[in-house]
Amino acid sequence: MPIQIIIEKCTGCSLCIKACPFDAIRIMDKLESSGSASDSRSHKKAVIDLDKCNLCGACVPACKLKAVLLEKAETAAPNPSLKDYKGIWIFIEQKQGKVQSVSYELLGKAQELAKKLTTQVSAVFLGNNVEDQLDELIWHGADNVYLVEAPELANFQDEPYTNVLVRLILEYKPEILLCGATSIGRSLISRVAVKINTGLTADCTGLDIDPEKKILLQTRPAFGGNIMATIITPRHRPQMATVRHKVMQPMAPDKRRQGKIIRESFDPYVYTSRAKLLDIVDEVETLVNLAEADIIVSGGRGMGGPENFKLLEELAKVLGGAVGASRAAVDAGWIPYSHQVGQTGRTVAPKIYIACGISGQIQHFVGMSSSKIIIAINKDPDAPIFKFATYGLIGDLFQIVPALTKKFKETLRK
Amino acid sequence: MNIIVCIKQVPETTQVQINPETNTLIRKGVKSIINPFDMYAIEEAVRLKEKFGGKTTVITMGPPQADAALREAISMGIDEGILLSDPAFAGSDTWATSYTLAGAIKKIGGFDLIICGKQASDGDTAQVGPGISMHLDIPQVTYVKKIEEIKGGSMRVERMTEEGFEIIETPLPALLTVVKEINEPRIPSLRGMMKARQAKIATWSQKELGLDSERIGLSGSPTQVIKIFTPPQRSGGQIIPGETQEVVDKLVELLKGEIN
């Protein structure tokens with residue numbers, strides 16, 4: 001039994017119930033054989049429902065009487081070789097030779113973490129003919145660049161990228177490896193973590209270093225952002241985490257920065273892939289994709305039909321943003337699924353999210369709640385979206401949106 | 001074509017609310033459902049079986065009540081359900097979960113395809129599918145939005161990316177994780193529901209699976225949750241009052257500094 005209540009210590013005070021995010025603790029009357037106790041409260045004891053318990057440990061510090069015992073899964077001796085792992089690595093994501101913005105954001109964060117660990121930041125860069133991007137990586141925070149170039153690595157493929165990354169990790173032993181939580185990163189890094197036998201935390205919104213233990217504190221939302229969890233990887237290295245677009249800030253490029261390039265190459269079999277990439281089809285009509293957009297103009301049921309989305313496109317174009325949509329608009333067939341923001345679509349975190357005719361159901365909210373500024377335009381003053389929008393505009397979007405487009409056009413031209 | 005679908009039972013998140021006094025999730029009376037993305041995995045497996053024949057099996061790891069999720073999958077046309085349930089599996093992170101599921105898949109054996117939803121709606125990690133394929137050392141394609149063709153022991157699929165999609169051909173056996181666009185899950189038929197009610201669900205514990213006990217459950221999980229807390233709630237901001245032109249002017253003024 002990994003978790004238990006020490007019956008003798010428990011007073012049935014119910015503090016643990018309040019701490020439990022999973023509703024897994026109940027106070028039950030325990031029948032004691034003596035039956036002589038006059039104070040009936042002393043019979044009340046906490047009972048953990050193991051089917052609901054996630055062993056998160058939130059109840060342990062909540063209990064003032066130290067009556068909750070959680071057996072930590074510490075192996076007998078901490079692995080002494082953990083100390084051999086040094087440095088922070090960023091997996092550099094490139095598409096058709098171009099480094100993606102999320103990689104620069106991670107380099108910026110890594111520099112901050114590296115100062116707390118007094119260690120170096122390395123970029124791990126796989127591709128083909130990508131040397132023109134090396135300076136940019138160094139200017140944005142890489143102290144070293146591990147460069148692996150081969151025609152087979154020109155575009156991302158799960159197997160060769162996994163093979164190369166696993167070999168580099170085993171050889172150079174980084175203590176931390178960070179990667180974008182993208183369609184490439186999430187696919188690749190999950191395989192790498194299993195192969196290396198280490199922990200991986202998805203979609204971190206906060207990364208920090210424990211000042212005493214010098215380990216990575218990985219904070220992420222769960223249950224659609226309703227709760228946050230801080231996670232560590234105490235006994236395995238590297239400590240691995242993915243981070244979404246726009247969560248971290250890139251550092252201002254510093255052209256005086258110097259870095260070391262370390263070239264690696266491998267036997268041909270390392271680059272082979274059973275699954276073959278046959279073609280890449282770009283569908284993004286505008287120049288900006290949703291994940292990378294600083295500004296998103298999104299439409300919902302209130303748009304009334306597919307033809308009206310051009311109002312949003314015009315506004316997005318003026319602002320240099322992308323067009324999103326709620327599930328209602330996608331399910332009605334007004335706009336392709338690739339634009340859907342929300343639980344069953346994409347999660348976005350732009351600087352400005354303009355929701356037009358979107359009521360703001362929880363499924364939509366979880367996909368955009370990390371946006372810095374949320375603007376709601378809706379004619380229904382009772383729409384839930386006004387409860388969390390930074391600025392609310394109650395009115396007819398068919399008047400407001402074109403007026404906004406016009407006004408921004410005038411203002412931004414100045 | 002033999003297909004194994006991996007699913008997860010999750011709370012129906014529309015109903016997840018925070019108790020403002022205790023700052024904890026209110027889970028009382030919250031319905032458990034099949035993870036929405038897994039519904040597309042189930043549907044795709046049933047469609048492939050209808051086209052190519054073979055057998056479909058659904059597996060899940062969870063407490064005894066996850067039996068309901070397996071029965072729902074059977075009501076949609078899946079042939080058989082297996083529940084992986086053991087207190088020893090509790091506290092598994094994505095490493096231990098993918099190891100356990102991969103162990104069950106090896107025990108089932110003889111599969112051509114494994115299908116998972118792209119991620120679960122409660123954890124949102126998208127790590128278990130790729131983890132399984134690595135444990136089994138088979139090729140994977142994630143975020144699949146369309147199966148274009150299956151022939152001669154390989155399949156051609158469309159994989160969704162941020163910019164569009166990729167066309168990938170993979171030999172079988174392989175693992176796919178699927179997105180919403182791939183299909184529309186069916187409503188179970190009356191006959192399906194009857195079948196589901198009568199179906200025998202096998203339960204496999206650690207004893208049946210015989211996995212490495214140091215790689216399952218809490219002790220087999222490299223990651224460890226050390227703190228759970230409620231994030232500061234996003235509070236409602238201001239309503240900008242006035243006529244259309246007035247509110248538009250005010251908003252543009254407020255946002256000007258944010259737009260480069």
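None of the values given here were measured: they were computed from a predicted structure.

A. Geometry of the overall build of chain B. The secondary structure content of chain B amounts to seven helices and 15 strands. In chain B, which comprises 260 residues, the proportion classed as buried is 53%. Of all intrachain contacts in chain B linking residues separated by at least 6 positions in sequence, the fraction that spans at least 24 positions is 71%.

B. A look at the interface of chain B and chain A. Taken residue by residue, the interface counts 81 residues in chain B and 90 residues in chain A. For the side of chain B that touches chain A, the element with the highest residue contribution is helix α7 (residues 244-255) of chain B, accounting for nine residues. Split by residue class, the side of chain B that touches chain A holds 36 nonpolar, 29 polar and 16 charged.

C. Structural view of the packing of helix α5 (residues 158-172) of chain A against helix α6 (residues 185-196) of chain A. Residues and elements named next belong to chain A. Running from N to C, α5 and α6 cross one another at 45 degrees; their axes reach a closest spacing of 9 Å. As summarised for this structure, α5 and α6 are arranged oblique, according to the angle between their axes. Like other packed secondary-structure pairs, α5 and α6 cross with a definite hand, here right-handed. Of the residues in α6, those in contact with Asp158, Tyr161, Thr162, Leu165, Val166 and Ile169 of α5 are Ser187, Leu188, Arg191, Val192, Lys195 and Ile196. Its residues placed into classes, the contact of α5 with α6 shows seven nonpolar, two polar and three charged.

D. Broad picture of the sheet that holds strand β13 (residues 216-222) of chain A. Taken in spatial order, the four strands line up as β12(A)-β13(A)-β14(A)-β14(B) in an open sheet, and their pairing is antiparallel. At either margin of the open sheet sits one strand with a lone partner, and together these are β12 (206-209) of chain A together with β14 (224-229) of chain B. Taking each pair of neighbouring strands and ignoring which way they run, the sheet shows an average axis angle of 25 degrees. Across five bridges, β13(A) lies against strand β14 (residues 227-232) of chain A in antiparallel orientation. Within β14(A), the residue paired with Arg220(A) across the bridge is Ala229(A).

E. Structural context of the sheet that holds strand β19 (residues 322-325) of chain A. With parallel pairing, six strands are arranged side by side in an open sheet as β19(A)-β18(A)-β20(A)-β21(A)-β22(A)-β15(B). Since the sheet does not close on itself, it has two edges, and those belong to β19 of chain A together with β15 (238-239) of chain B, each with one partner. Across four bridges, strand β21 (residues 373-378) of chain A lies against strand β22 (residues 391-394) of chain A in parallel orientation. Of the residues in β22(A), the one forming a bridge with Ile377(A) is Leu393(A). Contacts from helix α10 (residues 397-413) of chain A reach β20 (352-356), β21 and β22 of chain A, with the element oriented near 135 degrees to β21(A). Seen against the sheet, α7(B) touches β20, β21 and β22 of chain A and runs at an angle of roughly 165 degrees to β22(A).

Cut-offs and rules
Residues numbered from 1 in each chain as written. Chains lettered and ligands numbered in written order. Predicted model: local features only at pLDDT ≥ 70, side-chain atom pairs only at ≥ 80, totals over all residues. Helix = DSSP H or I, 4+ residues; strand = E, 2+ residues; numbered from the N terminus. Buried ≥ 20, exposed ≤ 12 C-beta atoms within 10 Å, placed from the backbone. Contact = placed C-beta atoms within 7 Å. Nonpolar A, V, L, I, M, F, W, Y, C, P; charged D, E, K, R; others polar. Axes fitted to C-alpha atoms, helices over the stretch in contact; angles between N-to-C directions. Parallel < 35°, antiparallel > 145°, perpendicular 65-115°, else oblique. Left-handed = near helix turned anticlockwise from the far one by under 90°. Pairing = 2+ DSSP bridges.

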